[in-house]
Amino acid sequence: MPVFTHKLCCLWVLLWGLSFAQAAERAAEGIELVFVGDVMLADTPGRLIRAGQDPFRYFAHELRRADLTIGNLECVISVKGRPIDKPYTFRAPKRALPLLKKYFSAVSVANNHTGDFGKAAFTDMLSSMSKHEIPYVGGGHHLREAHQPFIRDIRGQRIGVLAYNGFFPRSFEALEGSPGSAWLDDDFVMHDIRHAKQQLGVDFLIVYPHWGWEYQKLASPRQRDMARLMIDSGADAVVGGHPHVTQDIELYQGKPIIYSLGNFVFDGFHEEDTRSGWLLRIILARDGSVAWQVLEAKIDRLGVPRPGRILDASHF
């Protein structure tokens, strides 16, 4: 079960990697899935949006050409509620909704900021996203909805995404009669994965957890144990976020675990590690093979990402 740090990832490219042209050819023949990390549309990105600017513009081609694009919405989009007592609370403008619809097939609301302004604001955001036809995953009006996968049928393949939050406050968790996000609980995760694969007929399932310790470049033992549990339960890939930095990559049972994609749209950071995220492409070829590729996102002082190097591309 190889684990790859950033330097080893580059060696992996040289030994086993697909060229960009090869990856593009496979994408043209098959299905392309794109995942990005934390998308925080408050503060400076929010002011840009209010001024009519698009913080996603430099990645527009990569986001829109994919058959399915997923991001983690690290903020609340609602005018309701008051900030709860925590160090950072993020409220994005309503003008962000058309941008999410333009670029994303679905967004995860399973993180430690979608409850920043209370449950009334959270449910108002869900209603606004439904009105704008923006699917969400990892949260809902009650426990059952929060644990439902996002599913899309693409050229004969049923693709599913499950999302979970494993970082406190746990008060954001959805309960039987209370809205919130899906909590990263072992029993729930195993049940949800098996239900998606065995009952809902998902062919390729990606689990998208919000987990780990901030600013740590290597995944924690808890992340590693949970990721392997996900794969053992039937997940085909695990793609994580939250630490504000990218973390290591692991192949387990021949399936990829990208522990953290880092930030994507996010301001307020100054260190290079916190201003470098990843865009992940997963390509499902018609012959049944799977490839993946990582494109660097370099984030400027306004929180806006721009494409950087292709750091990793491999076939497994």
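Residues numbered from 1 in each chain as written. Predicted model: local features only at pLDDT ≥ 70, side-chain atom pairs only at ≥ 80, totals over all residues. Heavy atoms only, no water.

Some words on the nonpolar core
Here is step 1: Of all hydrophobic cores here, the largest spans 37 residues; its most connected members are L41, F56, L63, L73, M129 and F264.
Here is step 2: Put simply, the parts of the chain that give this core at least two residues each are β2 (31-39), α5 (96-103), α6 (118-131), β14 (263-265) and β16 (290-299).
Here is step 3: Per element, the largest residue contribution to this core is five residues, and it comes from α5.
Here is step 4: Sequence-distant contacts of L63, defined by excluding residues within four places in its chain, comprise V34, V36, F56, T69, Y103, F264 and L279. (Core = buried A, V, L, I, M, F, W, Y, C linked by side-chain atoms within 4.5 Å. Buried < 20%, exposed > 50% of the residue type's maximum accessible area, 1.4 Å probe, protein only. Helix = DSSP H or I, 4+ residues; strand = E, 2+ residues; numbered from the N terminus. Contact = heavy atoms within 4.5 Å.)

As for the confidence of the model for the protein
Here is step 1: In this model, the protein carries an average pLDDT of 91, and 89% of its residues clear a pLDDT of 70 or more.
Here is step 2: Note that residues 5-21 has pLDDT below 50 and, in this model, 38 contacts with residues that lie over four places away or in other chains. (pLDDT = per-residue confidence, 0-100.)

Observations concerning the packing of aromatic side chains
Here is step 1: Across all of its chains, the model carries ten aromatic pairs by this definition.
Here is step 2: Clustering of aromatic rings is evident, with ring pairs tying together F90, Y215, F266 and F269.
Here is step 3: Over the aromatic face of F117 sits the side chain of R91, whose NZ or CZ is 3.8 Å from the ring centroid.
Here is step 4: When the ring centre of Y259 is taken as origin, the NZ or CZ atom of R224, which lies over that ring, is 5.1 Å away. (Phe/Tyr/Trp six-rings, centres within 6.5 Å; stacked < 30°, edge-to-face > 60°. Lys NZ or Arg CZ within 6 Å of the ring centre and 35° of its normal.)

Considerations on the pairing of strand β7 (residues 150-154)
A regular strand places its side chains on the two faces of the sheet in alternate fashion.
Here is step 1: Where β7 meets strand β8 (residues 157-165), five bridges bridge the pair, whose relative direction is antiparallel. Note on β8: the bridge partner recorded for D153 is R158.
Here is step 2: The antiparallel hairpin formed by β7 and β8 contains two residues in its connecting segment, where R155 sits at a positive phi of about 45°. (Pairing = 2+ DSSP bridges.)

Here's the deal with the packing of helix α8 (residues 186-199) against helix α9 (residues 221-233)
Here is step 1: For the pair α8 and α9, the least separation of the axes is 9 Å and the interaxial angle reads 30°. In terms of orientation, α8 lies roughly parallel with respect to α9. For the pair α8 and α9, the sense of crossing is right-handed. Counting all contacts with α8, which are made through D186, V189, M190, I193 and R194, the residues of α9 involved are R222, M226, L229, M230 and S233. (Axes fitted to C-alpha atoms, helices over the stretch in contact; angles between N-to-C directions. Parallel < 35°, antiparallel > 145°, perpendicular 65-115°, else oblique. Left-handed = near helix turned anticlockwise from the far one by under 90°.)

Let's talk about unusual backbone geometry
For residues other than glycine, phi is negative in most cases, and the peptide bonds are mostly trans.
Here is step 1: Note the cis peptide between F168 and P169, where omega equals 15°.
Here is step 2: Looking at where P169 falls in the secondary structure, it is placed in the loop between β8 and β9 (180-181).
Here is step 3: One non-glycine residue, E133, lies in the positive phi region at around 60°.
Here is step 4: Its place among the elements puts E133 in the loop between α6 and β5 (136-137).
Here is step 5: Unlike most non-glycine residues, H242 shows phi in positive territory, near 115°.
Here is step 6: Structurally, H242 is set in the loop between β11 (237-239) and β12 (249-252).

A few points about the side chain of D116
Here is step 1: Among the structural elements, D116 can be located in the loop between β4 (106-108) and α6.
Here is step 2: Classification of D116 by relative accessible area gives buried; the value is 0%.
Here is step 3: One polar contact links D116 to K86, side chain to side chain, over a distance of 2.9 Å.
Here is step 4: Here H113 takes part through its side chain, which lies 2.7 Å from a polar atom of the side chain of D116. (Polar contact = N/O pair within 3.5 Å; in protein donor to acceptor, adjacent residues only side chain to side chain.)

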